[in-house]
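Each chain, letter by letter, is given below.
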Amino acid sequence: MTVTTPAHSGENVGSTRGLPSLGPEGTRLLRLLDDTFESWGVAAGARPMTMPPLLPAADLAKLDYYDNFPHQAVLAAPLDLEGRLTTTFDREHGQWPAAALEPAGLGLPSASCYAVYLDHQGTRVADDTLVTICSWCFRKETHYEGMRRQLGFRMREIVAIGTREHAEAHLADFTARIRSFAAALDLPLRREAACDPFFDKGGSKALLQRLTPVKYEFLYEDLAIASVNTHRNFFGDRCAITLESTGGPAFTSCVAFGLERWLSALTRRHGGWQAATEAVLDANARTRAGASGAAGPVI
């Protein structure tokens, strides 16, 4: 069966389940965007890495993930070979009952950077460490909508691990980079403080977060397509990541790009896959030439 979809929407039969697919034009644009964001990280000195799609649930629990983001959590469990003999697949609802599953010891992370901190746990790092990765991420949502809100999506991140100054400079540099790129794309973004409950909501760090936000999002209309995030020394403490220079806990920060959300914003702004792709190619050329400057339509 052939499914005909609007050329600019990215929607298909899987969209309402949070699992849309991309055709050739959307795939080309997604790869172009990811190559663009990865190149920013590499130019800044980031090491490209590839992380696993699943993480031990125990490791995510150590990072307070299930306390702070229980509404987003998605877990993976194998079939219990004995349990499935007494339990049948629920065809009406399209799911296996919990009785047919082994305990869920694996988590599907909602952001790429968790794997980076866990990969560096127990290590000493240079004061100016940078890593860039692109991973599948997963979030349970109240509803799903095309490329805007998905169960499974791709996130490119550029992660800083090192001194406080390094982590802060990383966010300042990439905030300017995002502003410049948005201007070259004629993509009006606004920058807003986010209120994710990253730290324990009842702790002193939560109070500090309310006074000094740890996350800023860049929104096109009502859609957040990128963010800059500081974690202070939270992951350095929890993962025992220490600095080569002082032996103290590392500070971390990250810049994140939701690739499918960029597709949604660009095709909506420019009217289709081809026009959006041309806009990105032109923006890359102009930002490389330094024509766009630092100013842009970012509030």
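Structure first, text after, so check above.
This section reports on the structure supplied with the text.

On to the overall build of the protein chain. Summing up its helical and strand segments, the protein chain has ten helices and twelve strands in all. Residues counted as buried form 47% of the 299 residues belonging to the protein chain. Relative to all contacts within the protein chain whose residues are 6 or more apart in sequence, the contacts with residues 24 or more apart total 73%. Approximately 14,600 Å² of the protein chain is accessible, and the part contributed by carbon and sulfur atoms is 53%.

With respect to the element layout, Glu260 can be found in helix H9 (residues 259–270). With near-sequence residues (within four places) excluded, Glu260 lies in contact with Leu30, Met147, Gln150, Phe153 and Arg154.

The nonpolar side chains of a soluble globular protein tend to be buried with one another. In this structure, Ile178, Leu185, Leu187, Phe257 and Trp262 are the most contacted members of the largest nonpolar core, which totals 38 residues. Among the secondary structure elements, those contributing two or more residues to this core are helix H1 (24–43), strand E7 (152–162), helix H6 (164–185), strand E9 (215–220), strand E10 (223–232), strand E12 (251–258), H9 and helix H10 (273–288).

In this section: the packing of H9 against H10. For the pair H9 and H10, the least separation of the axes is 8 Å and the interaxial angle reads 105°. When the axes of H9 and H10 are compared, the pair comes out roughly perpendicular. Contacts between H9 and H10 pair Leu263, Leu266, Thr267 and His270 from the former with Trp273, Ala275, Ala276, Ala279 and Val280 from the latter. Across the contact of H9 with H10, the residue classes break down as seven nonpolar, two polar and no charged.

In an α-helix, one full turn covers 3.6 residues, which means residues spaced three or four apart are oriented alike. With twelve residues, H9 extends 16 Å between its outermost C-alpha atoms, agreeing within 8% with the 16 Å of an ideal straight helix rising 1.5 Å per residue. Gly271, located one to two residues past H9, shows a positive phi value of around 95°.

A word on the environment of Gly152. Turning to its location among the elements, Gly152 is positioned in strand E7. For Gly152, a relative accessible area of 5% corresponds to the buried category. For the pair formed by Gly152 and Ser110, sequence separation is 42 residues and the distance between their alpha carbons is 8.9 Å.

Evaluation of the coordinates by the stated rule reveals twelve salt bridges. The partner of Glu260 in a salt bridge is Arg154, and the shortest N-O contact between them spans 2.8 Å. A residue pair is termed long-range when its members are at least 10 positions apart, and Glu260 in helix H9 and Arg154 in strand E7 qualify at 106 residues. Taking relative accessible area as the criterion, Glu260 reaches 2% and is therefore assigned buried. Here Arg154 falls in the partly exposed class, since its relative accessible area comes to 23%. Overlapping salt bridges bring together Asp34, Glu38 and Arg156 as one network.

What follows deals with the packing of H1 against H6. The description of two helices packed together rests on the angle between their axes and the distance between the axes. At their nearest, the axes of H1 and H6 sit 12 Å apart, and the two run at 145° to each other. In terms of crossing hand, the pair formed by H1 and H6 is right-handed. On H6, the residues that touch Thr36, Phe37, Trp40 and Gly41 of H1 are Phe174, Arg177, Ile178 and Phe181. Per-class residue counts for the contact of H1 with H6 are five nonpolar, two polar and one charged.

Now for the sheet that holds strand E2 (residues 55–56). Within a sheet, adjacent strands bond to each other through the backbone by hydrogen bonds, running parallel or antiparallel. Strand order in the open sheet formed by three strands is E2-E4-E3, and the pairing between neighbours is antiparallel. Only two strands of the sheet have a single neighbouring strand rather than two, namely E2 and strand E3 (74–76). Inspection of the sheet shows E2 paired to strand E4 (residues 106–108) by two bridges, in the antiparallel sense. Each residue of the ladder has a partner; that of Leu55, found in E4, is Gly107.

Cut-off values and rules
Residues numbered from 1 in each chain as written. Predicted model: local features only at pLDDT ≥ 70, side-chain atom pairs only at ≥ 80, totals over all residues. Heavy atoms only, no water. Helix = DSSP H or I, 4+ residues; strand = E, 2+ residues; numbered from the N terminus. Buried < 20%, exposed > 50% of the residue type's maximum accessible area, 1.4 Å probe, protein only. Contact = heavy atoms within 4.5 Å. Areas by Shrake-Rupley, 256 points an atom, 1.4 Å probe, with all protein chains shown as cover. Core = buried A, V, L, I, M, F, W, Y, C linked by side-chain atoms within 4.5 Å. Axes fitted to C-alpha atoms, helices over the stretch in contact; angles between N-to-C directions. Parallel < 35°, antiparallel > 145°, perpendicular 65-115°, else oblique. Nonpolar A, V, L, I, M, F, W, Y, C, P; charged D, E, K, R; others polar. Expected span 1.5 Å × (residues − 1). Salt bridge = Lys/Arg side-chain N within 4 Å of Asp/Glu carboxyl O. Left-handed = near helix turned anticlockwise from the far one by under 90°. Pairing = 2+ DSSP bridges.

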